[in-house]
Amino acid sequence: ASGFGCFRVDASLDVRVGPPAAVTATLPDACVAGNAVLPHPSVRVLDAGGNLVGQPQVVSARLLDTPPGMEFWASDATSSDGVAVFTDMSLSMSGTHTVVFSITDITGED
């Protein structure tokens, strides 16, 4: 008599959709002019499938429109496990401002 044995194979598969394709930001509702923005703004670096990109990426921040006399500080932030945190961002003037985040180091390599 012959039979079939059962066996189990455990394996992991790392599926990636592709290189970084988008960023989404989390910002506080308000901050105090001249002080660091708290809580620190964070940016999620995503691939085309909406997954966090594990490879470190350099993320930059800038103001969409800078009024005369306005000073804006934000060092580039490098993502870790798909998230970049801007720990030194500050603005010198009160008001409503639009911050634009962009990926500046897209390599698509692992």
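Residues numbered from 1 in each chain as written. Predicted model: local features only at pLDDT ≥ 70, side-chain atom pairs only at ≥ 80, totals over all residues. Heavy atoms only, no water.

Chemist: Is there a simple way to explain the overall build of the protein chain in this structure?
Modeler: For the protein chain, the count of helices and strands is zero helices and eight strands. When its helices and strands are written in sequence order, the protein chain yields β-β-β-β-β-β-β-β. Here the protein chain holds 110 residues, and 24% of them are scored as buried. Within the protein chain, contacts between residues separated by at least 24 positions form 60% of all contacts whose residues are at least 6 apart in sequence. When the accessible surface of the protein chain is split by element, carbon and sulfur atoms take 52% of a total near 7400 Å². (Helix = DSSP H or I, 4+ residues; strand = E, 2+ residues; numbered from the N terminus. Buried < 20%, exposed > 50% of the residue type's maximum accessible area, 1.4 Å probe, protein only. Contact = heavy atoms within 4.5 Å. Areas by Shrake-Rupley, 256 points an atom, 1.4 Å probe, with all protein chains shown as cover.)

Chemist: What is the right way to read the sheet that holds strand S5 (residues 77-78) from this model?
Modeler: Adjacent strands of a sheet pair through backbone hydrogen bonds, lying either parallel or antiparallel. Pairing is antiparallel in the open sheet, where three strands are placed in the order S5-S3-S8. Either end of the sheet is taken by a strand with one partner, and the two such strands are S5 and strand S8 (99-103). Across two bridges, the pairing between strand S3 (residues 58-63) and S5 is antiparallel. The partner of Val59 across the bridge, within S5, is Ala77. (Pairing = 2+ DSSP bridges.)

Chemist: Could you clarify how one ought to interpret the pairing of S3 in this entry?
Modeler: As a general feature of sheets, a regular strand has side chains that alternate between the two faces. Two strands pair when backbone bridges link them, and S3 and S8 are joined in this way by five bridges, in the antiparallel orientation. Among the inter-strand pairings, Leu63 is bridged to a residue of S8, identified as Val99.

Chemist: How should I be thinking about the sheet that holds strand S1 (residues 20-26) in this particular structure?
Modeler: Ordered in space as S1-S2-S6, the three strands form an open sheet in which the pairing is antiparallel. A single partner strand is all that each edge strand has here, and the edge strands are S1 and strand S6 (83-85). For this sheet the average axis-to-axis angle between neighbouring strands, irrespective of direction, equals 25 degrees. (Axes fitted to C-alpha atoms, helices over the stretch in contact; angles between N-to-C directions.)

Chemist: I keep staring at the nonpolar core and nothing clicks. Help me out?
Modeler: Nonpolar side chains tend to gather and get buried jointly when the protein is soluble and globular. In terms of nonpolar packing, the biggest core is built from 16 residues, with Val59, Ala61, Phe86, Met89, Val99 and Phe101 touching the most fellow members. Looking at this core, the elements that each hand over two or more residues are strand S2 (42-47), S3 and S8. Sequence-distant contacts of Ala61, defined by excluding residues within four places in its chain, comprise Phe72, Ala74, Phe86, Met89, Val99, Val100 and Phe101. (Core = buried A, V, L, I, M, F, W, Y, C linked by side-chain atoms within 4.5 Å.)

Chemist: I would appreciate a short explanation of the environment of Gly18 in the present structure.
Modeler: You can see Gly18 is positioned in the segment before S1. By relative accessible area, Gly18 is classed as partly exposed at 31%. Along the sequence, Gly18 and Gly49 sit 31 residues apart, while their C-alpha atoms lie 8.0 Å from each other.

Chemist: I tried to follow the layout of surface pockets on my own but got confused; where do I start?
Modeler: Picture a little ball the size of a water molecule; that probe, rolled over the atoms, points out where space is still empty. Its boundaries defined by the atoms lining it, the largest pocket holds a volume of some 290 Å³. If you trace the largest pocket, you find 16 residues lining it, with Pro28, Ala30, Cys31, Leu91 and His97 closest to the centre. Here the lining of the largest pocket is composed, by residue class, of 11 nonpolar, four polar and one charged. (1 Å grid on protein atoms, 1.4 Å probe; cavity = no way out; pocket = protein on both sides within 12 Å on 5 of 7 lines; lining within 4 Å. Points joined across faces, edges and corners; volume = space filled by probe spheres on them. Nonpolar A, V, L, I, M, F, W, Y, C, P; charged D, E, K, R; others polar.)

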